[in-house]
Amino acid sequence: MIEVKGLTKYYGDVKAIEDVTFTVEKGEVVGFLGPNGAGKTTTMRILTAYLAPTSGTAKVAGYDVFYDSLEVRKRIGYLPETVPLYPEMSVRSYLEFMAHIRGVEKVKSRVQEVMEICNVDDVADSRIGKLSKGYRQRVGLAQALLHNPEVLILDEPTIGLDPKQIIEVRELIKRLGEDHTILLSTHILPEASQTCERVLIINEGRLVAEDTPQRLTARLEGGERVFLQVGRPSPEVVTKLKEIPGIIAVDDKGQGRYEILCKTGEDRRPEIARVAVEGGWELLELRLEAMSLEEIFLRLTTKEVEDAGHA
């Protein structure tokens with residue numbers, strides 16, 4: 001549904017993105033992650049036919065963003081970081097105005113439908129300028145949905161929202177992902193881990209990783225982590241755990257807490273539990289512990305910066 005190959009963009013002598021390549025399949029919700037200035041917005045502006053690339057190609061729904069930009073625009077709904085709203089208009093009049101511009105048939109019924117989808121029908125006749133930021137963000141999503149696009153491109157959709165509003169917008173995006181292909185940019189990492197099936201990580205204009213958070217964890221760690229807590233810690237705990245086949249390392253965190261690294265694909269929890277019970281350690285907690293998306297992101301981007309410094 002989205003196909004990007006070797007995408008590069010320069011602003012004069014300044015490189016914004018370089019050789020970016022990825023795909024987003026039909027029906028996927030993919031997170032596009034990176035720090036501020038990494039190249040997320042530039043990439044999205046190219047995908048929405050707002051900017052032309054310096055080199056490389058990008059296709060949306062089979063159409064080239066440079067040569068078939070009008071066809072691309074018919075098939076995407078775009079929510080930029082700063083939502084383009086008219087504060088003096090009511091929600092309903094604004095959406096009807098946008099629907100006419102986009103050539104939507106049955107304008108009134110479609111506007112009512114998207115207002116209900118985005119939970120803004122209760123403020124349909126309120127002036128946009130009087131709405132909270134959370135409501136304005138949902139109105140922005142509603143305008144992106146008016147023409148029922150195949151692809152949604154959302155740039156920082158929850159930026160500036162309070163925790164309650166963030167949860168509401170996340171739930172809305174999940175529901176929209178059932179019927180649309182979504183590329184969602186953010187620098188807020190929990191956003192992607194709670195909303196997206198797959199993540200793309202960009203740093204200094206280059207794509208440094210592309211996978212599910214789970215597979216990125218396995219790739220970076222070379223194993224799976226298990227958290228163990230016991231009520232009766234002793235020096236023999238580390239020794240006994242290291243004797244279990246498949247355990248790579250044991251880190252004593254103090255106060256009866258241990259982090260255990262096991263070989264990928266080998267769940268050693270039953271064996272760990274048996275050893276703990278036999279040793280009289282008073283087992284309190286035993287669980288798999290995945291690397292957080294924050295840890296993955298920092299390790300990947302830090303590695304990229306260090307590699308560049310040694311080049």
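Because the structure is a prediction, the values reported are computed rather than measured.

### Focus: the packing of aromatic side chains
This model, assessed by the stated rule, comprises four aromatic pairs. When the ring of Tyr86 is compared with that of Phe97, the centres are 6.0 Å apart and the planes differ by 70°; the resulting orientation is edge-to-face. Of this pair, Tyr86 sits in the loop between strand 6 (76–79) and helix 3 (91–101) while Phe97 sits in helix 3, and the two are 11 residues apart along the sequence. The exposure class assigned to Phe97 is partly exposed, which follows from its relative accessible area of 35%. Ring-pair connections join several aromatic residues into one group, and the members of that group are Tyr86, Tyr94 and Phe97. In this structure, Arg138 packs its charged tip against the face of Tyr135, placed 4.5 Å from the ring centre.

### As for the sheet that holds strand 2 (residues 14–24)
Read across the sheet, four strands follow the order 2-1-4-5 without closing on themselves; strand pairing throughout is antiparallel. With one partner strand each, in any of the chains shown, strand 2 and strand 5 (63–64) form the two edges of the open sheet. The sheet contact formed by strand 1 (residues 2–11) and strand 2 spans seven bridges and is antiparallel. By the bridge assignment for strand 2, Ile2 is matched with Val24. Against the sheet, helix 1 (residues 40–47) engages strand 1, strand 2 and strand 4 (55–60), with an angle of about 115° to strand 1.

### A short note on the nonpolar core
Membership of the largest hydrophobic core comes to 46 residues, with the highest contact counts inside it found for Val91 and Leu95. Leu95 has contacts with Val111, Val114, Met115, Val139, Ala142, Gln143 and Leu146, leaving out every residue within four places of it along the chain. Counting residues in each nonpolar core, the second largest holds 23 residues, with Val4, Leu47, Ile76 and Leu183 among its members.

### Things to note about the packing of helix 3 against helix 5 (residues 133–145)
Put simply, helix 3 and helix 5 touch, their axes get as near as 9 Å, and they point 25° apart. Here helix 3 lies roughly parallel to helix 5, going by the angle between them. Crossing of helix 3 against helix 5: the hand is right-handed. On the side of helix 3, the interface is formed by Val91, Tyr94, Leu95 and Met98, while helix 5 contributes Val139, Ala142 and Gln143. Residue classes in the contact of helix 3 with helix 5 are distributed as six nonpolar, one polar and no charged.

### Focus: the packing of helix 3 against helix 4 (residues 107–117)
Running from N to C, helix 3 and helix 4 point in directions that differ by 120°, and their axes come no closer than 9 Å. Taken together, the axes of helix 3 and helix 4 are oblique relative to one another. Handedness of the crossing formed by helix 3 with helix 4: right-handed. Here Val91, Arg92, Leu95, Glu96, Ala99 and His100 of helix 3 lie close against helix 4, whose contacting residues are Val107, Lys108, Val111, Gln112, Val114 and Met115. Residue composition of the contact of helix 3 with helix 4, by class: seven nonpolar, two polar and three charged.

So, how was this worked out
- Residues numbered from 1 in each chain as written.
- Predicted model: local features only at pLDDT ≥ 70, side-chain atom pairs only at ≥ 80, totals over all residues.
- Heavy atoms only, no water.
- Phe/Tyr/Trp six-rings, centres within 6.5 Å; stacked < 30°, edge-to-face > 60°.
- Helix = DSSP H or I, 4+ residues; strand = E, 2+ residues; numbered from the N terminus.
- Buried < 20%, exposed > 50% of the residue type's maximum accessible area, 1.4 Å probe, protein only.
- Lys NZ or Arg CZ within 6 Å of the ring centre and 35° of its normal.
- Pairing = 2+ DSSP bridges.
- Contact = heavy atoms within 4.5 Å.
- Axes fitted to C-alpha atoms, helices over the stretch in contact; angles between N-to-C directions.
- Core = buried A, V, L, I, M, F, W, Y, C linked by side-chain atoms within 4.5 Å.
- Parallel < 35°, antiparallel > 145°, perpendicular 65-115°, else oblique.
- Left-handed = near helix turned anticlockwise from the far one by under 90°.
- Nonpolar A, V, L, I, M, F, W, Y, C, P; charged D, E, K, R; others polar.

The values are spatial; any link to function lies outside them.
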